[in-house]
Amino acid sequence: LRLGQDRTAQLSSMRVDQRPMANPDKDQTTASSFALGLNHAIGTGYKLRFTYAVDDVTSEYDDDAFGFGNPSDVHELARKTRSSQITWLAQYNPAWTSELALSHTTHNLEDRLNASLKTGDYTYGLANSRQNGLRWSNEFALDSQTQLLLGLDHSVEDFESDARLSGYNTTKTDTGYFAGLG
């Protein structure tokens with residue numbers, strides 16, 4: 001179990017004499033996290049593991065919008081990440097161990113200007129991604145000095161943003177196989 005929170009000192013990164021349209025207020029970043037991991041042995045040589053994590057970060061920032069901003073503008077960027085994984089670990093015999101892991105992760109970004117989403121033609125207010133993954137690895141002891149490793153990684157990722165002219169909604173699939181001898 002892990003719990004955490006961190007808050008930066010308030011500071012202003014804008015020099016009002018150089019950027020008069022930027023908000024000179026003092027900004028800060030707040031990060032909160034939570035993680036839980038559970039392990040359960042099932043008989044001899046088998047384990048089931050579950051992990052879940054939450055990470056939230058909110059940052060205030062200054063932006064003069066290329067001179068078109070307003071000194072009272074309040075900018076805030078929030079990132080929320082959620083991830084979970086379930087893993088099956090097995091030692092089928094003294095020479096063969098195997099691990100199968102299924103995972104799911106989401107990332108959500110919100111960029112706000114004065115509490116409203118900052119969606120524009122080329123700027124996003126929302127950007128999201130989701131990833132589902134599968135990893136299977138097997139290690140074989142061929143003799144006392146030689147190991148064979150075989151496995152695969154597979155993931156499907158979805159990405160989207162809400163920018164009016166440059167937004168996107170796409171999916172990417174990756175599959176990799178690996179083998180090693182050592």
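As for the packing of aromatic side chains
In step 1: Overall, the coordinates contain 4 aromatic pairs when judged by the stated rule.
In step 2: With centroids separated by 6.0 Å and ring planes inclined at 65°, the aromatic side chains of Y46 and Y92 adopt a geometry described as edge-to-face. With Y46 in strand 3 (residues 46–61) and Y92 in strand 4 (residues 75–93), this pair connects stretches of sequence that are 46 residues apart.
In step 3: Centroid distance W96 to F140: 5.6 Å. Interplanar angle 25°. Geometry classified as stacked. Here W96 is found in strand 5 (residues 96–113), whereas its partner F140 is found in strand 7 (residues 126–143), with 44 residues between them in sequence.
In step 4: What makes W96 partly exposed here is its relative accessible area of 28%.

What to know about the pairing of strand 1 (residues 2–7)
In step 1: With respect to burial, strand 1 is a largely exposed element, only 0 of its 6 residues being buried.
In step 2: The pairing of strand 1 with strand 2 (residues 29–41) spans 6 bridges and is classified as antiparallel. The partner of L3 across the bridge, within strand 2, is F34.

Digging into the side chain of S161
In step 1: When you line up the elements, S161 lands in strand 8 (residues 146–161).
In step 2: Apart from the residues within four sequence positions on either side, S161 is in contact with Y124, L126, A127, S166, G167 and Y168.

Some words on the pairing of strand 2
In step 1: Where strand 2 meets strand 3, 13 bridges bridge the pair, whose relative direction is antiparallel. Each residue of the ladder has a partner; that of L36, found in strand 3, is Y52.
In step 2: Here strand 2 folds back onto strand 3 in antiparallel fashion, the turn holding 4 residues, of which G43 has a positive phi close to 70°.

A short note on the environment of R79
In step 1: With respect to the helices, strands and loops of the structure, R79 is situated in strand 4.
In step 2: On the accessibility criterion, R79 (35% relative accessible area) is partly exposed.
In step 3: Spatially, the C-alpha atom of R79 lies 21 Å from that of S166, the residues being 87 residues apart in sequence.
In step 4: Setting aside chain neighbours within four positions, we find R79 in contact with D55, D56, V57, N108 and L109.

The rules behind these values
Residues numbered from 1 in each chain as written. Predicted model: local features only at pLDDT ≥ 70, side-chain atom pairs only at ≥ 80, totals over all residues. Heavy atoms only, no water. Phe/Tyr/Trp six-rings, centres within 6.5 Å; stacked < 30°, edge-to-face > 60°. Helix = DSSP H or I, 4+ residues; strand = E, 2+ residues; numbered from the N terminus. Buried < 20%, exposed > 50% of the residue type's maximum accessible area, 1.4 Å probe, protein only. Pairing = 2+ DSSP bridges. Contact = heavy atoms within 4.5 Å.

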